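Understanding the architecture of this molecule
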Amino acid sequence: MSKKNKLTTSSGRPYVENEDTLSVGRRGPLLIEDYILHEKMSHFNRERIPERVVHAKGSGAYGTFTVTHDITKYTKAKIFSKVGKKTDMIARFSTVGGEKGSADTERDPRGFALKFYTEDGNWDMVGNNTPVFFVKDPKKFSDFIHTQKRDPYTNMKSPTMMWDFWSLRPESLHQVTILMSDRGTPYGVRHMNGYGSHTFSLINKDNERFYVKFHFKTAQGIKNFTDKDAMEMRGIDPDFSQRDLMKNIEDGNYPKWNLRIQVMPEAEALDYHINPFDLTKVWPHGDYPLIDVGVMELNRNPENYFAEIEQLATSPAHIVDGIGYSPDKMLQGRLLSYPDAHRYRLGANYEQIPVNRCPFMKESNNYQRDGLMRVDGNQGRKPNYFPNSFDDIEIDESYKQLPPTVVDAEADWFDRNAPREDDHYTQPGNLFRIMDDQAQKNLISNIVGAMSGIDGPKKDEIVNRQLCHWFRADPTLGAGVANGLGVEVDESMFVR
Ligand code: NDP
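Residues numbered from 1 in each chain as written. Predicted model: local features only at pLDDT ≥ 70, side-chain atom pairs only at ≥ 80, totals over all residues. Heavy atoms only, no water.

On to the pairing of strand β8 (residues 256-265), then. Two elements, strand β7 (residues 209-218) and β8, share 9 bridges in a ladder whose sense is antiparallel. Following the sheet pairing, Lys 213 is matched in β8 by Gln 262. Of the strand pairs in this sheet, β8 and strand β9 (residues 291-300) are connected by 6 bridges, and their pairing is antiparallel. Looking across to β9, one finds that Arg 260 is bridged to Asp 292. (Pairing = 2+ DSSP bridges. Helix = DSSP H or I, 4+ residues; strand = E, 2+ residues; numbered from the N terminus.)

This is the structure we're talking about:
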């Protein structure tokens, strides 16, 4: 007997008629009783799940995180418990604005989403290849993303929409500067850094909180496309990043990133001159130097893209004991919106999909039940309410420890860009000033290229408004962009 598997229907019936439909006579109409035809067609009609509204185009791989340095004085998280400890993980990298079929080399931030399978549950670090973001309040997020998508009338991407928003919201300037630099077109994902971007907490065994920024620095070295090469690669190989990552892993050339952290003792957050929870700002390395933690290596391609990468659901809400949130408003917004997006895209039971399920969790132990696609036995006959007198679920009080956050304030519609929060210019200017001559030239030329796409009746207004921001960041940067756009400079553009 053949050892090969039999062709079967979804319900397990072996069959052979996989190409020809049951018909009345050789040339006659088809019979509805050939349900295999309907099964094939109906399943095919349902193959697509909702595309991620952002980060739709992505690729990923499995790997290992290894601790190289002891940070137990900052955190009791088991993943960092001892030098040499290894933790399995998976990574997904993505562009942000493009659709699922868009090109990998578009100028765009890159998503850098990681899921670490730890004994205390999955820890997800869902960041980008940039340490900052365009907006600092989640209420602005959908407006901002609309500007990166297609114009409702033309159904085309619109530089006018993008620069209109950015020029009206100068808090975006820092991220726009990084986006317009050569790091806006990374040479695949292996050559870019990843950042947790938000401020998170670390909590140690004495219940002390430290604020933390996570940095994953590429061991392959930073390498970027020039704007021209990135544009060309869009046509030559729109799947450049996917191919580059997969091929290198297949060849045993495993990419690595060094995890380093910046640590701020909780008390310092109160009077640090920069709001440490503002996602449009970095913590300068001079104030908070990088501390080595470990190495992440990607070493296994997924067997099935849809099962393991499309269905991967990461969320900054997924923390573990020893890691906590912070008052970063964008983080607070994402804690709700990411699981919400997964419930919409994958269903209420998305955590049961094998790639999302914590391998250390033998069975679910809680009081959530039912819902579409509940496939794990639904916790059998165990009680579905709490408290109860019957079950064997114990609440482990040792996990309760979380140092209290002191909040002494009134609820109000605070302006995120009010005085002391409105310096949108120093850090983008600092970035421009640390760039070498060539990087500065490329930045200016990339900005000029991108701003040249602004058109329509408000063109001059938008261009001038944005030019003022470049001047305020750095006069040389402003003058370079004005010159490239052929705009006459007006004294008022220099005034902060
Ligand atoms: P440092 O000189 O200590 O650090 C500069 C940082 O800038 C390095 O981490 C470097 O990354 C990174 N960098 C260099 N070119 C670019 C680019 N085109 N886009 C994004 N990052 C780049 O100075 P500071 O810490 O005082 O920061 C100065 C400016 O550097 C900041 O205003 C910010 O714009 C940028 N930056 C700062 C980071 C931080 O956490 N402090 C992180 C990333 C950027 P690498 O070492 O990998 O080359």
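So that's the structure; there's more coming.
It is worth spelling out the packing of helix α3 (residues 159-168) against helix α12 (residues 459-473) at this point. With their axes 9 Å apart at the nearest point, α3 and α12 run at an angle of 50° to one another. The angle between α3 and α12 falls in the class oblique. Seen from above, α3 lies across α12 with left-handed handedness. Between α3, through Thr 160, Trp 163, Asp 164, Trp 166, Ser 167 and Leu 168, and α12, the contact on the second element is made entirely by Ile 462, Arg 465, Gln 466, His 469 and Trp 470. The class makeup of the residues in the contact of α3 with α12 is 5 nonpolar, 4 polar and 2 charged. (Axes fitted to C-alpha atoms, helices over the stretch in contact; angles between N-to-C directions. Parallel < 35°, antiparallel > 145°, perpendicular 65-115°, else oblique. Left-handed = near helix turned anticlockwise from the far one by under 90°. Contact = heavy atoms within 4.5 Å. Nonpolar A, V, L, I, M, F, W, Y, C, P; charged D, E, K, R; others polar.)

In this section: α3. Owing to its 3.6 residues per turn, the α-helix aligns residues three or four sequence positions apart on the same side. In terms of burial, α3 is a largely internal element, 7 of the 10 residues being buried. Among all positions of α3, only Thr 160, Met 161, Met 162, Trp 163, Phe 165, Trp 166 and Ser 167 are buried. Structurally, α3 contributes buried residues whose contacts are with α2 (141-148), α4 (173-180), α11 (437-451) and α12. (Buried < 20%, exposed > 50% of the residue type's maximum accessible area, 1.4 Å probe, protein only.)

Once that is clear, we can look at the site of the ligand. In the vicinity of the ligand lie 19 residues, with His 174, Arg 183, Asn 193, Trp 283 and His 285 positioned nearest. Between a nitrogen atom of the ligand and a main-chain N or O atom of Trp 283, the distance comes to 3.0 Å. Coverage of the ligand by the protein amounts to 75% of the 790 Å² it exposes when considered alone. Sorting elements by how many residues they give to the shell around the ligand places helix α10 (residues 426-434) first, with 4 residues. Structurally, the shell around the ligand is a two-domain feature, drawing no fewer than three residues from each of domain 2 (58-140 + 173-357) and domain 3 (426-494). (Near = heavy atom within 4 Å. Polar contact = N/O pair within 3.5 Å; in protein donor to acceptor, adjacent residues only side chain to side chain. Areas by Shrake-Rupley, 256 points an atom, 1.4 Å probe, with all protein chains shown as cover. Domains from an automatic or database assignment.)

Nonpolar side chains collect at one region of the surface, where Leu 22, Val 24 and Leu 31 lie side by side and expose about 220 Å² of accessible area between them. For Leu 31, the location among the structural elements is in the segment before α1 (35-45). (Patch = residues over 30% accessible without salt bridge, like charges linked within 9 Å, V, L, I, M, F, W, Y side chains within 5 Å. Salt bridge = Lys/Arg side-chain N within 4 Å of Asp/Glu carboxyl O.)

Where burial is concerned, most of α4 is hidden: 8 out of the 8 residues are buried. Of the positions making up α4, those classed as buried are Leu 173, His 174, Gln 175, Val 176, Thr 177, Ile 178, Leu 179 and Met 180. Buried residues in α4 make contact with α3, α10, α11 and α12.

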